[in-house]
Amino acid sequence: MQRIGVFVCHCGSNIAATVDVKKVVEIVKNEPGVVHAEDYQYMCSEAGQALIAKAIAEKNLTGIVVCSCSPRMHEATFRKAAERAGLNPYMVEIANIREHCSWIHKNIEEATEKAVILARAAIAKVNLNAPLKAGESRVTKRALVIGGGIAGIQTALDIADAGYEVDIVEKTPSIGGRMSQLDKTFPTLDCSACILTPKMVEAAAHEKITIYTYSEVEKVSGFVGDFTVDIRKKARSVDMDKCTGCGVCQEKCPSKKTPSEFNRGLGNRSAIYTPFAQAIPNVPVIDRDACLKFKTGKCGVCAKVCQAGAIDYEQKDEIVTEKYGAIVVATGFDTIKLDNYDEYAYNQSKDVITSLELERVMNAAGPTKGHLERLSDGKHPKEIVFIQCVGSRCSDDRGKPYCSKICCMYTAKHAMLIRDKYPDVNVTVFYIDVRTPGKNFDEFYRRAVEDYGVNYIKGQVGKVAPQPDGSLLVQGVDLLDNKQILKKADMVVLATAIEPDPSVRKIATMLTASIDTNNFLTESHAKLRPVESPTAGVFLSGVCQGPKDIPETVAQAGAAAVKAIGLLAKDKLLTNPCTAKPDELLCNGCSACANVCPYGAITYEVKLINDHGIREERRVAQVNNALCQGCGACTVTCPSGAMDLQGFSNRQIIAEVDAICR
Amino acid sequence: MSFDKTKKQAEMIREISGVNPYKCMKCGKCSASCPSFNEMDIKPHQFVSYVLNDDIEALANSKSLWKCLSCFACIERCPRDVKPGKLIDAARQLVVRERDGDYLSADQIPEKLDPELPQQLLVSAFRRYRR
């Protein structure tokens, strides 16, 4: 028989205001196995933990139940406290009387009754608990960073500077990401390339960093500390070792009509290309869908002009398999498609562009060489209208419910830069709210208004109508003036909502990392563990976790690196001892469990079994404890009830249900 | 109008329209989209706050009620699913019901036809005044 102590926490007034904690203590004292029960204001505090330790020692407790908050919050805290007091940590059970009880009920009597029931269930379980011992697993001292934008680069540099090997996998031909497409950056207006390219070079030159560009993660197996990842290096058709990056092939390539992804389709590129001049690596790839050699078999100009003999039409995709201890996701974002926003005429007029397209227009290396001009006729615009919140803050099915966070600031930046360079251009911004929290951010926006004369109008635009004379008629509203506004514009710029890069879904599935309804990766705890995925060993960096600007991305990238380093610095990890365990006498060798196991932890072995005196060879399930994550899929699948989860055995769970139904 | 009555009317408008006016973020896209904006005394985006403030009498007596073309631009474009056009429609129905079923019949139409009249108006008139 166990000797159980029950500790009921008030959680200040969080629990005590809705649950009569004294009454819970009185009632559970009579439960089988309970030899001690008490309540305290904050059980998780040092004083509360001391109470637990004292009771364990004085009453010779063999198991404890803490009635408190969710085990996600403090199970680890109480397990450690029990362990320090000499109790096996797996003899601790949590009855969640906060999230599951006090927070969701109003009636004290009912809430108290429920708290007692939840405590009873936990007590019934502890009565059947057995001490468990955590095993150990090794840590591969190498990190994988998925995505080579500013988030991925910064995370990789920080991990590498700490002395660990890092691989960056980037799906496009160059690292740099969205930041490389930007012209200037707020709030200091430094040129994006000037601050990004040195970091790109540093990453490429770092002896601890390996960069796989034009590559994608194809398969992930294993678990924290010991992931095995297949990386597909797509055929570049150019030998990376031989190519000198002279660029002659791109000049001579006769197929020059492919829309440039880097320029957001505003200009064309050749079939053999590097996305931009400062690309890293400075080795082009052949776009086989556009290349005449691949399409018709005729051409081969690039191979003829390449002095280094680097062109290789026969190159094949290559799979690299590597082991990692930690994985950081830094897959970034894209702007949403505007097909559902016909009222803004994006698909009807070349002079209606997104803000990211404007970045390319304003950039000296962009399609207009940095000259502000209408993309329809090349004319200099006199009136530019910016529309905020296009697809952001929408609760309909056309847009995104969240605020994209960066648009207010980059629009102020665009407006200011245009007014600065072209004082003859009138700039109007239609806004719903101007959101500029951040260091020197609101000052930045006010500068646009006060020093640069940007005309901010509170009110959304209803419609943009292309006119026969080539202008755009903008119909908006000034809510403060209560007037409808009709404005002729030469260009309209849409602050288009951002969304996680679509590739993140596949990656999240491979990593078993959870994503929310907007495809942002979920943090382990929104406030206290913001850069960790709930999946152990997977960390989050940049916009894949939520909208953020460059300063925030860099800060978060560093935080993700620190978490990864903290993991890589360990030689061994304690494994979860709550793993599956087959009863070989009951197992009928059907393989049902092995088929459902998501971790490949179950194998079969032919063994000599002594079944109550009958000796025979049987095919029975075996669980690899290092691989098993304790998900329990096998236990519910097993038709003969042979599979059990340690710490959550069928008997224990039935005992809990019985206690609840009593 | 008594307090209870206006309260009840505001509830009716919410019920008829199926709109939750609390979802409005006051972006003004409805007013920006409205072709009758200049004819209206209460602007489309203001309808929301009138309903929220239970000020139905003002709505019922407004010119806007009869200036709305039911073109649905505001309903199509509202990013928050508030759809002020539905509120206007509901307020109108409330008034029409109070007037004891002043409905339109098909044979009354030809004499009312005006060549300048947008066809959409006919359709919306039927929606408004016929069961």
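Residues numbered from 1 in each chain as written. Chains lettered and ligands numbered in written order. Predicted model: local features only at pLDDT ≥ 70, side-chain atom pairs only at ≥ 80, totals over all residues.

**Q** Before we move on, could you go through the overall build of chain B and cite the residues and values that matter?
**A** Secondary structure assignment for chain B yields nine helices and zero strands. Listed N to C, the secondary structure of chain B is α-α-α-α-α-α-α-α-α in terms of helices and strands. Split into buried and exposed, the 131 residues of chain B put 38% on the buried side. (Helix = DSSP H or I, 4+ residues; strand = E, 2+ residues; numbered from the N terminus. Buried ≥ 20, exposed ≤ 12 C-beta atoms within 10 Å, placed from the backbone.)

**Q** Please give an account of the nonpolar core that cites residues and values.
**A** Residues and elements named next belong to chain A. Counting 118 residues, the largest nonpolar core has Ala-143, Val-329 and Val-492 as its most contacted members. Broken down by element, the residue count for this core peaks at nine residues, all from helix α11 (residues 407–421). Beyond its immediate sequence surroundings of up to four residues, Val-329 is in contact with Ile-146, Gly-147, Ile-507, Ala-513, Leu-521, Val-538, Leu-540, Ser-541 and Cys-544. In this structure, Ile-52, Val-65, Met-91 and Leu-118 belong to the second largest nonpolar core, which totals 45 residues. (Core = buried A, V, L, I, M, F, W, Y, C linked by C-beta atoms within 7 Å. Contact = placed C-beta atoms within 7 Å.)

**Q** Tell me about the packing of α11 of chain A against helix α12 (residues 441–450) of chain A, and name the residues and values.
**A** All names here are of chain A. In contact at an axis separation of 9 Å, α11 and α12 are set at 35 degrees when each is read in the N-to-C sense. Crossing of α11 against α12: the hand is left-handed. Residue-level contacts link Cys-408, Met-409, Ala-412, Ala-415 and Met-416 of α11 to Phe-441, Phe-444, Tyr-445, Arg-447 and Ala-448 of α12. (Axes fitted to C-alpha atoms, helices over the stretch in contact; angles between N-to-C directions. Left-handed = near helix turned anticlockwise from the far one by under 90°.)

**Q** Describe the interface of chain A and chain B, naming the residues involved and giving the relevant values.
**A** In this assembly, 18 residues from chain A lie in contact with 17 residues from chain B. Among the secondary structure elements, those contributing two or more residues to the side of chain A that touches chain B are β24 (461–466) and β25 (472–478) of chain A. Looking at the side of chain A that touches chain B, its residues break down into five nonpolar, nine polar and four charged. (Nonpolar A, V, L, I, M, F, W, Y, C, P; charged D, E, K, R; others polar.)

**Q** Got a sec to walk through the domain arrangement of chain A? Specific residues and values, please.
**A** Here chain A is described as being made up of domain 1 (4–126), domain 2 (142–233 + 317–332 + 501–568), domain 3 (248–305), domain 4 (335–499) and domain 5 (580–646). Taking only C-alpha atoms, the centre of domain 1 of chain A and the centre of domain 2 of chain A are 41 Å apart. (Domains from an automatic or database assignment.)

**Q** Which residues make up unusual backbone geometry, and what values go with them?
**A** Here the residue pair Phe-186 of chain A and Pro-187 of chain A is connected by a cis peptide bond, since its omega of -5 degrees sits within 30 degrees of zero. Along the chain, Pro-187 of chain A turns up in the loop between β8 (184–185) and β9 (190–191). Look at the link from Ile-280 of chain A to Pro-281 of chain A: it is a cis peptide, with omega at 0 degrees. In this structure, Lys-405 of chain A takes a positive phi of about 75 degrees despite not being glycine. Its identity as a non-glycine residue notwithstanding, Ser-70 of chain B has a phi of 55 degrees, on the positive side. Assignment of secondary structure puts Ser-70 of chain B in the loop between α5 (64–67) and α6 (73–77).

**Q** Describe the sheet that holds strand β22 (residues 426–431) of chain A, with residues and values.
**A** Residues and elements named next belong to chain A. If you trace the five strands from one edge of the open sheet to the other, you get β20-β27-β21-β22-β23, paired in parallel fashion. The outermost strands of the open sheet, each flanked by one partner alone, are β20 (352–354) and β23 (455–458). Within the sheet, the average angular offset between the axes of one strand and its neighbour, ignoring direction, is 25 degrees. Bridge count for β22 against β23 is four bridges, and the pairing is parallel. Following the sheet pairing, Tyr-431 is matched in β23 by Lys-458. Of the strands in this sheet, β21 (383–390), β22 and β27 (491–496) touch α11, which is tilted by about 175 degrees from β21. (Pairing = 2+ DSSP bridges.)

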